[in-house]
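What follows is the residue order along each chain.
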Amino acid sequence: MAAVATSSTDLPVIDISSPSPETARDILDAASTFGFVFVKNHDIGVPPADIQAMFDLSRTFFQSPTEVKATCSINSSTSGKNRGWLSMHTETLDPAHQQRGDFKEAFNIGEFSSGKANQPLPAPLVEGEYRISQFIDQCHDLCNKIMDLFAAGLEIPSAEGGDKWFSDRHDKTKGPSGSILRLLYYPSVPSPPEQTDIRAGAHSDYGSVTLLFQLPSQPGLEILTTSNEWAPVPVNPTSDPNPPILVNIGDALSYWTNGLLRSTVHRVIFPQPEEGKSSEDRYSIAYFCHPLDEARLVPVPSEKVKGFHSAEGENQKRKVGYGGGTGDADEAITARDHLNRRLAATYDLSDVKAE
Ligand SMILES: O=C(O)CCC(=O)C(=O)O
Ligand SMILES: [Fe+2]
């Protein structure tokens, strides 16, 4: 197991509002070095007021009675796969090291059609349905913008799809994907939990990129560094009252780039409670951007990816979360199969029928 966190990492904060070849190089660098990077939230289409509105909706939902939340349980036959409310301990992100499931609740919202959810929403979220739909679109567009920069940085030839190589495979008009907007709530706990208890166990994300929204004074996210140490990620590394948006690489981008883009392992820990005080609640929001279901996770046409693969050698594959496929034909799974595999390992949904 990795050592306890010592110092916080200085993740780069990058301004992508007027993209240039330098921006592409910088963000690619950050994503391949850390797997996590902040992007400045200026003119990039996710207005701070909309983020705040999502947090308000989220708080109203999680503070509502259990019966209300349970109407849209992830276990119900109407919610659909990987959608709906997860009660405490339903998900165990690191089954090898946890005795109990994650100390969190979550609500997973899948793709919308024409501004309408494709799953039942509980009353407190129905009121915000249109807002949620817009927020998902804003997040998805930002993810595509970020992936266009990765493609530019990887110098994918235009004859092969160029800067749009990734975003073409995330084009919602071409088919469904496993993309999820997830509201997260980590309630404070009255007594110190057991050693193996954790708010969110160590894991890498399954999709292409994740956008993570955090609130001031609610820390807890840590990333596993290349030296195998846990390092805290600040909620806002700048003095700007509107924090930059935290972006991290998921397994799909790692597969697509043979591990050049790093699907970094991370977790959420309980804060150290101050003397005489109970620990704080934590709310966060994640947008997990996934490739279209049918997209194959084969290496992208990039000399940089090829060079990276051969430079590291088959037996010294870079340690990434769960990505970093070899690119062999038999490993070229679809995004949907990859997602299903990962979900099966972490959910306790014994009463849910497989799709
Ligand atoms: O709440 C957080 O800060 C992180 C959540 C997370 O990593 C996840 O749900 O995949
Ligand atoms: Fe995560």
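Residues numbered from 1 in each chain as written. Chains lettered and ligands numbered in written order. Predicted model: local features only at pLDDT ≥ 70, side-chain atom pairs only at ≥ 80, totals over all residues.

In the annotation of an unreviewed UniProt entry, the protein chain is listed under the name Oxidoreductase-like protein and assigned to Mytilinidion resinicola. Of the protein chain, the UniProt comment under Sequence similarities (unreviewed entry) reads exactly: "Belongs to the iron/ascorbate-dependent oxidoreductase family." (UniProt positions renumbered as here; feature names shortened; annotations may be inferred.)

Undergrad: Where do I start with the sheet that holds strand β11 (residues 230-232) in this structure?
TA: Each strand in a sheet pairs with its neighbour through backbone hydrogen bonds, running either in the same direction (parallel) or in the opposite one (antiparallel). Pairing within the open sheet is antiparallel, and its four strands lie in the order β8-β13-β10-β11. Because the sheet does not close on itself, it has two edges, and the strands there are β8 (200-203) and β11. Averaged over all adjacent pairs, the angle separating strand axes in this sheet is 20°, with direction ignored. As defined by bridge partners, strand β10 (residues 221-224) adjoins strand β13 (residues 266-268) across three bridges and the pair is classed as antiparallel. (Pairing = 2+ DSSP bridges. Helix = DSSP H or I, 4+ residues; strand = E, 2+ residues; numbered from the N terminus. Axes fitted to C-alpha atoms, helices over the stretch in contact; angles between N-to-C directions.)

Undergrad: Honestly, the site of ligand 1 in this entry has me stumped. Any pointers?
TA: All residues in the neighbourhood of ligand 1 are listed as Arg182, Leu184, Ala200, Asp205, Leu212, Gln214, Leu221, His266, Val268, Ser284 and Ala286. Mapped onto the shell around ligand 1, the elements with two or more residues apiece are β7 (180-186), β9 (209-214), β13 and β14 (282-289). By residue class, the composition of the shell around ligand 1 is six nonpolar, three polar and two charged. (Near = placed C-beta within 6 Å. Nonpolar A, V, L, I, M, F, W, Y, C, P; charged D, E, K, R; others polar.)

Undergrad: Please clarify how helix α2 (residues 48-62) should be interpreted in this entry.
TA: Given 3.6 residues to a turn, an α-helix orients residues that are three or four positions apart in the same direction. In a regular helix each residue adds 1.5 Å, so 15 residues correspond to 21 Å; α2 covers 21 Å between its end C-alpha atoms and thus fits that length. Taken as a whole, α2 has its buried residues at Ile51, Met54, Leu57, Ser58, Phe61 and Phe62. The arc that holds the buried residues of α2, viewed along the axis, is 125°, so those residues lie on one side. Across from the buried face of α2, at angles greater than 90 degrees, the exposed residues are Ala49 and Asp56. In this structure, the buried residues of α2 make contact with β4 (105-109), α4 (123-126), α5 (129-153), β7, β9 and β14. (Expected span 1.5 Å × (residues − 1). Buried ≥ 20, exposed ≤ 12 C-beta atoms within 10 Å, placed from the backbone. Arc of directions from axis to C-beta. Contact = placed C-beta atoms within 7 Å.)

Undergrad: Looking at this structure, I do not really get the confidence of the model for the protein chain. What am I missing?
TA: One rule of thumb: low pLDDT means the predicted coordinates there are not for detailed reading. Of all residues in the protein chain, 87% attain a pLDDT of 70 or more, and the chain-wide mean is 88. Contacts from residues 350-355, a stretch scored under 50 in pLDDT, to residues over four places away or in other chains number three contacts. The ipTM value of the predicted complex is 0.99, and its pTM value is 0.92. (pLDDT = per-residue confidence, 0-100.)

Undergrad: Is there a simple way to think about unusual backbone geometry in this case?
TA: It is generally the case that most residues other than glycine have a negative phi and that most peptide bonds are trans. Positive phi values are uncommon outside glycine, yet Ser114 reaches one of about 45°. Tracing the backbone shows Ser114 in the loop between β5 (112-113) and β6 (116-117). On the basis of neighbour count, Ser114 is assigned to the exposed category, with 5 C-beta atoms found within 10 Å. Positive phi outside glycine occurs at Asn228, with the angle close to 65°. With respect to the helices and strands, the residue Asn228 is situated in the loop between β10 and β11.

Undergrad: Mind showing me how you'd approach the sheet that holds β7 here?
TA: Strand order in this open sheet of eight strands is β1-β2-β12-β9-β14-β7-β4-β3, and the pairing throughout is mixed. Either end of the sheet is taken by a strand with one partner, and the two such strands are β1 (13-14) and β3 (84-86). Bridge count for β1 against strand β2 (residues 36-39) is two bridges, and the pairing is parallel. Counted as the bridge partner of Val13 is Phe38 from β2. The strands touched by α5 within the sheet are β2, β4, β7, β9, β12 (245-249) and β14, with β9 carrying the most contacts at an inclination of about 125°.

Undergrad: Is there a simple way to think about the environment of Asp163 in this case?
TA: Positionally, Asp163 belongs in the loop between α5 and α6 (165-168). Along the primary structure Asp163 and Val268 are separated by 105 residues, whereas in three dimensions their C-alpha atoms are 34 Å apart. Residues within four places of Asp163 in sequence aside, it is in contact with Asp148, Ala151 and Ala152.

Undergrad: What am I meant to see in the environment of Ala295 here?
TA: As for its placement among the helices and strands, Ala295 is situated in the loop between β14 and α8 (303-312). Sequence separation between Ala295 and Gly175 is 120 residues, and the spatial gap between their C-alpha atoms is 10.0 Å. In this structure Ala295 touches Arg169, Thr334 and Ala335, once residues within four positions along its chain are discounted.

Undergrad: How should the packing of helix α1 (residues 21-33) against α5 be read in this particular structure?
TA: In helix packing, the relevant descriptors are the interaxial angle and the interaxial distance, both defined with respect to the helix axes. Between α1 and α5, whose axes approach to 8 Å, the crossing angle comes to 95°. One way to sum up the angle between α1 and α5 is to call them roughly perpendicular. Residues Pro21, Thr23, Ala24, Arg25, Ile27, Leu28 and Ala31 of α1 form the contact with α5, whose participating residues are Ile146, Leu149, Phe150, Ala152 and Gly153. Here the residues of the contact of α1 with α5 sort into nine nonpolar, two polar and one charged. (Parallel < 35°, antiparallel > 145°, perpendicular 65-115°, else oblique.)

Undergrad: Whenever I open this one, the environment of His266 confuses me. Can you help?
TA: Relative to the helices and strands, His266 is located in strand β13. The sequence separation of His266 and Gly201 amounts to 65 residues, and the corresponding C-alpha distance is 7.9 Å. Beyond its immediate chain neighbours, meaning those up to four positions away, His266 contacts Leu221, Glu222, Ile223 and Leu224.

Undergrad: What am I meant to see in the nonpolar core here?
TA: Burial of nonpolar side chains together is a common tendency in soluble globular proteins. Formed by 86 residues in total, the largest nonpolar core has its most connected members in Ile27, Val37, Ile146, Phe150 and Leu211. If sequence neighbours within four positions are ignored, Ile146 has contacts with Ile16, Ile27, Val39, Val209 and Val247. (Core = buried A, V, L, I, M, F, W, Y, C linked by C-beta atoms within 7 Å.)

Undergrad: What am I meant to see in α5 here?
TA: Helix length check: α5 (25 residues) gives 36 Å between terminal C-alpha atoms against 36 Å at 1.5 Å per residue, within 8%. Positioned one or two residues after α5, Glu155 has a phi angle of 55°, which is positive.

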